[in-house]
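Residue-level listing of the chains:
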Amino acid sequence: MIDVEFRNISKTYNPGLFKKKVLAVDQLNLRIPQGQVFGLIGPNGAGKSTTIRMLLGLIRPSQGTILFRGAPLDITTMQHEVGYLPENPYLYDHLTLRELLAFCGTTSGLSRTVTTQRGDALLERLELTVAAKRPLRSFSKGMLQRAGICFALLHDPALVILDEPMSGLDPLGRKMVFDLVMELKERGKTIFFCSHILSDVERLCDRIGIMVGGRLVDEISAADFAQQLKATVALELDGCSAALRDRLNPLVEEIEAKNERHTVTLLPGNLYPVIELIREHGATVVSCQSAQVPLESHFFRVVKGVAQ
C-alpha cells in the first residue's frame with residue numbers, strides 16, 4: 001500500500017513586486033509505501049522544507065497532486081494521521097513537559113486516560129520521566145529535541161515526519177531516537193526522514209531521495225545501494241606519468257598525488273582497462289585497497305554532476 005504519493009508536484013514562490021519568481025520544487029514524483037523509512041537529502045535550498053510543508057498541508061502546490069493512501073490530501077485527515085518534528089521545534093517554554101503533553105492530547109481529541117498512558121510510555125522510552133514536571137525553559141537542546149518527539153508521537157500517528165531529528169543529541173540520545181524509529185517501522189508506521197547527517201540516513205532508511213535545485217535527481221534503495229555502487233578500488237602507483245594520468249582520467253573517480261606516487265580511485269568495473277593502461281605506460285602498482293562507497297561519496301558525486 002502506498003501511503004504518500006507526489007504526482008508532478010511543483011511549487012513556485014512569488015517573492016514580491018518586480019522580483020523573479022522562485023521555483024522551489026520542480027516536477028516532483030515520489031511514492032512512499034506504508035511501513036518504510038524514506039530519507040530525503042539535499043544541499044541547503046534544495047526544496048526539502050517546501051516538500052514537507054506541502055505534505056503537511058501548510059502550503060499548496062502550484063501544480064500537481066499529493067495523495068495520502070490513494071486519496072487527495074485532506075488537511076483534517078492529515079492532522080490526525082501525521083506527527084511532525086520540525087528542525088527547530090517551538091515548545092511553550094513556560095509549561096512543564098507533562099503540561100505540554102496534556103495540551104497535545106486535548107488538541108488531538110484524546111481522553112485524559114489515553115493521554116496519560118501514552119505520555120508515560122513515551123517519557124519512559126525517551127528517558128524524560130524525571131524531567132516531566134520541570135518547565136521546558138530549563139531543558140537542554142537535546143532534551144527539547146526528545147520532548148518534541150514525544151509531542152509528535154503522542155496521538156499515535158500513521159505517518160511521522162522527522163526533520164533533523166538528531167539535531168543537538170549526544171550519542172546516547174541519537175541511539176535512543178534511532179531505536180525508536182526502527183520500532184515505529186516495525187509497527188507499520190511510515191517515516192519521512194530529513195537529515196544532513198548522511199550516516200544516519202544510510203543506516204535508517206529503506207529508500208533515499210536526493211534533491212538538488214528543487215528536483216529529485218536520484219532515488220536509491222538502501223537494499224540495493226551496496227550492490228549497485230559496490231566498492232571503490234584504490235591503487236597506489238609508482239611512475240604515474242602525466243600522459244598516463246590523462247589516459248586514466250575518463251576511467252577513474254579521482255587521482256591524488258602523494259609525495260612521488262599517485263593514488264587512483266575507481267569502481268571495480270573499470271579495473272581491467274585501468275590495469276592495461278598502467279602496464280602500457282610502464283607504471284607499477286605498489287598497493288591495492290578496496291572500500292565500500294558511503295552515501296556521502298555518492299551524494300557528493302550526484303550533486304557535483306547536477307552542478308556541471
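One can find the structure itself at the top, above this paragraph.
Here is what the cut-offs are and how they apply
Residues numbered from 1 in each chain as written. Predicted model: local features only at pLDDT ≥ 70, side-chain atom pairs only at ≥ 80, totals over all residues. Heavy atoms only, no water. Helix = DSSP H or I, 4+ residues; strand = E, 2+ residues; numbered from the N terminus. Buried < 20%, exposed > 50% of the residue type's maximum accessible area, 1.4 Å probe, protein only. Contact = heavy atoms within 4.5 Å. Areas by Shrake-Rupley, 256 points an atom, 1.4 Å probe, with all protein chains shown as cover. Lys, Arg positive; Asp, Glu negative; His and termini not counted. Charge placed at Lys NZ, Arg CZ, Asp CG, Glu CD. Polar contact = N/O pair within 3.5 Å; in protein donor to acceptor, adjacent residues only side chain to side chain. Arc of directions from axis to C-beta. Pairing = 2+ DSSP bridges.

Draft legend 1. Examining the overall build of the protein more closely. A tally of regular secondary structure across the protein gives 11 helices and 14 strands. Overall, the C-alpha framework of the protein stretches about 80 × 50 × 40 Å when taken along its three principal axes. Sorting the 308 residues of the protein into buried and exposed places 42% on the buried side. Once local pairs closer than 6 in sequence are excluded, the contacts in the protein between residues at least 24 apart make up 71%. In the form shown here, the protein has an accessible surface area of approximately 16,200 Å², with 50% of it arising from carbon and sulfur atoms. On the protein, the mean spot of the 35 positive side-chain charges and the mean spot of the 34 negative ones are 6 Å from each other.

Draft legend 2. Looking closely at the environment of Met78. Within the element layout of this structure, Met78 appears in helix H2 (residues 75–81). Taking the relative accessible area as the measure of exposure, Met78 reaches 2% and is therefore buried. Along the primary structure Met78 and Asp26 are separated by 52 residues, whereas in three dimensions their C-alpha atoms are 23 Å apart. Leave out the neighbours within four places in its chain, and Met78 touches Leu55, Phe68, Leu73 and Leu159.

Draft legend 3. Highlighting the side chain of Lys189. Within the secondary structure, Lys189 is located in the loop between helix H6 (171–186) and strand E8 (190–194). Side chain to side chain, Lys189 and Asp156 meet in a polar contact 2.9 Å long. Only 3.2 Å separates the side chain of Lys189 from the backbone oxygen of Pro157, close enough to count as a polar contact. Look past the residues within four positions of Lys189 in its chain and what remains in contact with it is Gly35, Gln36, Asp156, Pro157, Ala158 and Leu184.

Draft legend 4. Examining helix H3 (residues 97–107) more closely. Three or more residues of H3 are buried, namely Leu97, Leu100, Leu101, Cys104 and Gly105. Summarising the axial view, the buried residues of H3 lie within an arc of 135°, below the 170-degree limit, and thus occupy one face. Residues of H3 that are exposed and angled more than 90 degrees away from the buried face: Thr106 and Thr107. Those residues of H3 hidden inside the fold are in contact with helix H4 (112–125) and helix H5 (141–153).

Draft legend 5. Broad picture of the pairing of strand E1 (residues 2–13). Summarising the sheet, E1 and strand E2 (residues 22–33) pair through 8 bridges and their orientation is antiparallel. Looking across to E2, one finds that Glu5 is bridged to Arg31. Here E1 runs beside strand E4 (residues 63–68); their pairing, made up of 5 bridges, is antiparallel. Among the inter-strand pairings, Glu5 is bridged to a residue of E4, identified as Leu67.

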